[in-house]
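Residue-level listing of the chains:
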Amino acid sequence: MWAWVGMLVLLALAASVSAKAENADGVLRVCADPQNMPFSNEKGEGFENKLIDLIAAKLDLHVSYVWLPQVMGHVATLPDDTDCDVLMGYAQGTGLIEDTNPYYRTSYVLIYRQDDKSLAGVQSLADDRLKSKKIGILARTPPVSAMAINGLMANSRSFEVKGDRNAADAVEDVIAAIASGEIDAGILWGPLGGYSAQNAKVPLALIPLVKEKAGPATIYPITMGVRPNKPEWKHKLNKLIADNQADIYAMLSEYNVPLLDENGNLIKASTAER
């Protein structure tokens, strides 16, 4: 979920405790991944980079990054000497560290070719029409369990993240396989799937998986992780999120992120459904 989902598997980030007051020197220190589009990269091109730029501008701070590459399927922890004010893309509800209010909610999505009328109207993995379809999935991600529960593994194809490849590379492979007809559908983390689907060779339908009744959660509120025992800093970030929610949603929409409200209803449909 990532935004540290790589996803895929949501990454729980544990913050180190620092005695230094936040931003005392006019710097906003941010922990993020240096190569994890559409979330963040060293060039500042991801939507998490853009959100940090917005926060820094509102607080008149200079941004300094601590780059923490993600390892899919592992819990990322900060070294004891890391002094970060914010950990980007933290999934709410893990209970491992303190976090802000969500700045967006999203879900895993089912993706298929828009011209595939046999899948038109599918809203859940429990739909029997999926049992005869070849479905792509990233190995060792939460939807694998949901697929097994719904009897969808027999025709599935697992895509691996290996070597120097990251989750985004594997996601692009899934999207390409759907577009070419090599597989019928794929199940991907919404921000990754939506972002990659924009460049597919054929129009794709993205269906947020918000109706699942069995298996692991598919919907996740995404927050910013903060150090514990810093209520004033957390309150300041929460106010910035609330005051700038419309701009944050607009920013995320530029990256084709499926956005959900508190009840799991789609706020804005993906432009991949063109």
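Residues numbered from 1 in each chain as written. Predicted model: local features only at pLDDT ≥ 70, side-chain atom pairs only at ≥ 80, totals over all residues. Heavy atoms only, no water.

Concerning the pattern of salt bridges
Tallied over the entire structure, the rule returns eight salt bridges. The shortest N-O distance in the salt bridge between K131 and D128 comes to 3.6 Å. You can call D128 exposed: its relative accessible area is 57%. For D243, the salt bridge is made with K239, and the minimal N-O distance between the two is 2.6 Å. With a gap of four residues between them, D243 and K239 both fall in helix α5 (residues 231–243), about one helical turn apart. (Salt bridge = Lys/Arg side-chain N within 4 Å of Asp/Glu carboxyl O. Buried < 20%, exposed > 50% of the residue type's maximum accessible area, 1.4 Å probe, protein only. Helix = DSSP H or I, 4+ residues; strand = E, 2+ residues; numbered from the N terminus.)

Looking at the nonpolar core
Counting 68 residues, the largest nonpolar core has L28, Y103, Y104 and L110 as its most contacted members. Sort the elements by how many residues they give to this core and helix α3 (residues 167–180) lands first, with seven residues. L68, C84, Y90 and I97 belong to the second-largest nonpolar core, a separate cluster that totals six residues. (Core = buried A, V, L, I, M, F, W, Y, C linked by side-chain atoms within 4.5 Å.)

Concerning the environment of D83
Tracing the chain through its elements places D83 in the loop between β6 (76–77) and β7 (86–91). On the accessibility criterion, D83 (15% relative accessible area) is buried. In this structure, the C-alpha to C-alpha distance between D83 and C31, residues 52 residues apart in sequence, is 8.9 Å.

Things to note about the packing of aromatic side chains
The geometry of an aromatic ring pair is captured by two quantities: the separation of the ring centres and the angle between the planes. Using the criterion set out here, one finds eight aromatic pairs in the structure. Judged by centre distance (5.2 Å) and plane angle (55°), the ring pair of Y103 and Y104 falls under tilted. In this structure Y103 comes out as buried when scored by relative accessible area, which is 1%. A relative accessible area of 1% means that Y104 is categorised as buried. (Phe/Tyr/Trp six-rings, centres within 6.5 Å; stacked < 30°, edge-to-face > 60°.)

Quick notes on the state of the cysteines
Enumeration according to the criterion identifies one disulfide in this entry. A sulfur-sulfur distance of 2.1 Å marks the disulfide that ties C31 to C84. Judged by the sign of its S-S torsion, about 80°, the bond between C31 and C84 is right-handed. On the criterion of sequence distance, the pair formed by C31 in strand β2 (residues 27–32) and C84 in the loop between β6 and β7 is long-range, its members being 53 residues apart. With relative accessibility at 0%, the residue C31 sits in the buried group. (Disulfide = S-S within 2.5 Å.)

A short note on the packing of α3 against helix α4 (residues 190–197)
Between α3 and α4, the least distance of the axes is 9 Å, while the angle of their chain directions is 55°. Here α4 runs oblique to α3, going by the angle between their axes. In this structure, the crossing between α3 and α4 has a hand that is right-handed. Contacts between α3 and α4 involve A168, V171, E172 and I175 from the former and L192, G193, S196 and A197 from the latter. For the contact of α3 with α4, the class distribution of residues is five nonpolar, two polar and one charged. (Axes fitted to C-alpha atoms, helices over the stretch in contact; angles between N-to-C directions. Parallel < 35°, antiparallel > 145°, perpendicular 65-115°, else oblique. Left-handed = near helix turned anticlockwise from the far one by under 90°. Contact = heavy atoms within 4.5 Å. Nonpolar A, V, L, I, M, F, W, Y, C, P; charged D, E, K, R; others polar.)

Nothing here speaks to function; it is geometry throughout.
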